[in-house]
Amino acid sequence: MALPFNRNTKTISVIYEDFTRGRLVVDSSYQRRSVWNIQDKVRLIETILLDLIIPEVFFWPAAIDAESGKTYEHIVDGQQRLNAIIEFISGRDDKDDVFILANKYLLNDDIKERCGNKSFAELGEEDKKRIWRYQISVVEIDASFKKADITQMFYRLNLTNYSLNAQEKRNSQESAFGDAAEALSTLDFWKECKVFSSVDAKRMRDIEYCCSIYILANEGVVDQTNSKIINTYYDDYEVEFDSDKTLFKKIDKAIDTISRLRDKTTQTFISKKAQMYTLFSLMFKLYDNQIAYTDELFERFKLFVSAYNCFRNEFNIEFRDGALQKLNEDINKYKLASSEGINKIGNRVIRLEIIYKICVEGDVSIKRNLKELEKIYKAQDEGDKIKFIAFDEEDFTDMSELE
């Protein structure tokens, strides 16, 4: 029995024309987002200019125009490579910057001399023709395949590919829960609060985070040290999720309140994912207890953040005042719960309980004590000329991903 695949080659000229005319498309419902940086793209073009082989791509004829007979093909695998080629020929990259073959990323001396720091338009005639004529290996999937077959194929193509993270693999699975989380991730709120980096967005970590917020709204604080609970939601709510928008309305209300807590003092604190999760936990607890937002809550939160940002783990301060001692211990516990195992249920609960105690349950002396602690922390640290910001676990995680 013949396999339902056909292997052949297509020139970049043909692929470029099909793409620009809309006959070749990327289906983002199962593809991951573009994660290639400019170095990856430049070296791909260099490989093509050297007439070396690049990995094959997979096309699927998803639709045929009954009147014209034109076939519209989906790129099942290989979108990173094809996007890079099309961007270079078009002259602009995905950030709308001029796409040149930056010398610092090229490895071959001949290519550096001939093509270094040039755009496609600036290349010599022979190099342009070399690109247009380059043959890309194409696996054409039979039209009899259904969308479900294609999503399963994409998943299996990348099953052992270390570069795909858990959320990128989930994205190949059709799920109402996943659709809701992705829609939530597009709200301007996240950009305004600067929660997600460009790397987060490219690797779909923003969608994964919004999955966590939906789960928090649905069942409260949970342990999330692995992917199990999100995977379960993708499976259990494949067909229908939050159809009456109850959870979205709850989240939207929390977003409105958190936005009111944001100013120049609290912005950095709020932008951290663990702290944002804690604030959503706090908002949901306020709603459950029918406690309204007040200016007093904002003032307490702001003073807590100011004191927290001045606190250091190495401080060893003895307090005569019992209230100050207890408040210092709470800030220390909060800091520890933000510094390791931030997604463990125990640490999530600790952060929620402490911030609730300070912002809601504390007596009238809480603001005075927070101000006093901030002064004490600053005095303890006054010999250090470098301004200190309280680093949490995720700060160091984010730093490791910087290019």
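Residues numbered from 1 in each chain as written. Predicted model: local features only at pLDDT ≥ 70, side-chain atom pairs only at ≥ 80, totals over all residues. Heavy atoms only, no water.

Asks: It is not clear to me how the side chain of Arg351 should be interpreted in this structure. Could you clarify?
Replies: Structurally, Arg351 is set in helix H18 (residues 345-361). Apart from the residues lying within four places of it in its own chain, the contact partners of Arg351 are Ala274, Gln275, Thr278, Tyr334, Ala337, Ser338 and Ile342. (Helix = DSSP H or I, 4+ residues; strand = E, 2+ residues; numbered from the N terminus. Contact = heavy atoms within 4.5 Å.)

Asks: It is not clear to me how the sheet that holds strand E2 (residues 24-26) should be interpreted in this structure. Could you clarify?
Replies: Whether parallel or antiparallel, the strands of a sheet pair through hydrogen bonds between backbone atoms. The strand order across the open sheet built from 5 strands is E1-E5-E3-E4-E2, with neighbouring strands paired in mixed fashion. The open sheet has two edge strands with one neighbour each: strand E1 (5-11) and E2. Here the average twist between neighbouring strands, direction ignored, is 40°. The strands that helix H1 (residues 12-20) touches are E1, E2, strand E3 (57-64), strand E4 (71-77) and strand E5 (135-141); relative to E1, the one it contacts most, it runs at about 95°. Its contacts with the sheet place helix H3 (residues 79-90) against E2, E3, E4 and E5, and it is angled at close to 115° to E4. (Pairing = 2+ DSSP bridges. Axes fitted to C-alpha atoms, helices over the stretch in contact; angles between N-to-C directions.)

Asks: Would you explain the pairing of E5 in this entry?
Replies: Every other side chain in a regular strand lies on the same face of the sheet, so the side chains alternate between the two faces. Where E1 and E5 come together, 7 bridges link them in antiparallel fashion. Bridge pairing in E5 places Asn8 opposite Val138. Inspection of the sheet shows E3 paired to E5 by 3 bridges, in the parallel sense. Looking across to E5, one finds that Val57 is bridged to Val138.

Asks: Is there a simple way to explain a negative patch on the surface in this structure?
Replies: On the surface, Glu174, Asp179, Glu182, Asp235, Asp236 and Glu238 cluster together to form a negatively charged patch. Within the residue set of the negative patch, elements represented by two or more residues are helix H8 (176-185) and helix H12 (228-236). Looking at the secondary structure, you find Asp235 in helix H12. For Asp235, a relative accessible area of 47% puts it in the partly exposed group. (Patch = residues over 30% accessible without salt bridge, like charges linked within 9 Å, V, L, I, M, F, W, Y side chains within 5 Å. Areas by Shrake-Rupley, 256 points an atom, 1.4 Å probe, with all protein chains shown as cover. Salt bridge = Lys/Arg side-chain N within 4 Å of Asp/Glu carboxyl O. Lys, Arg positive; Asp, Glu negative; His and termini not counted. Charge placed at Lys NZ, Arg CZ, Asp CG, Glu CD. Buried < 20%, exposed > 50% of the residue type's maximum accessible area, 1.4 Å probe, protein only.)

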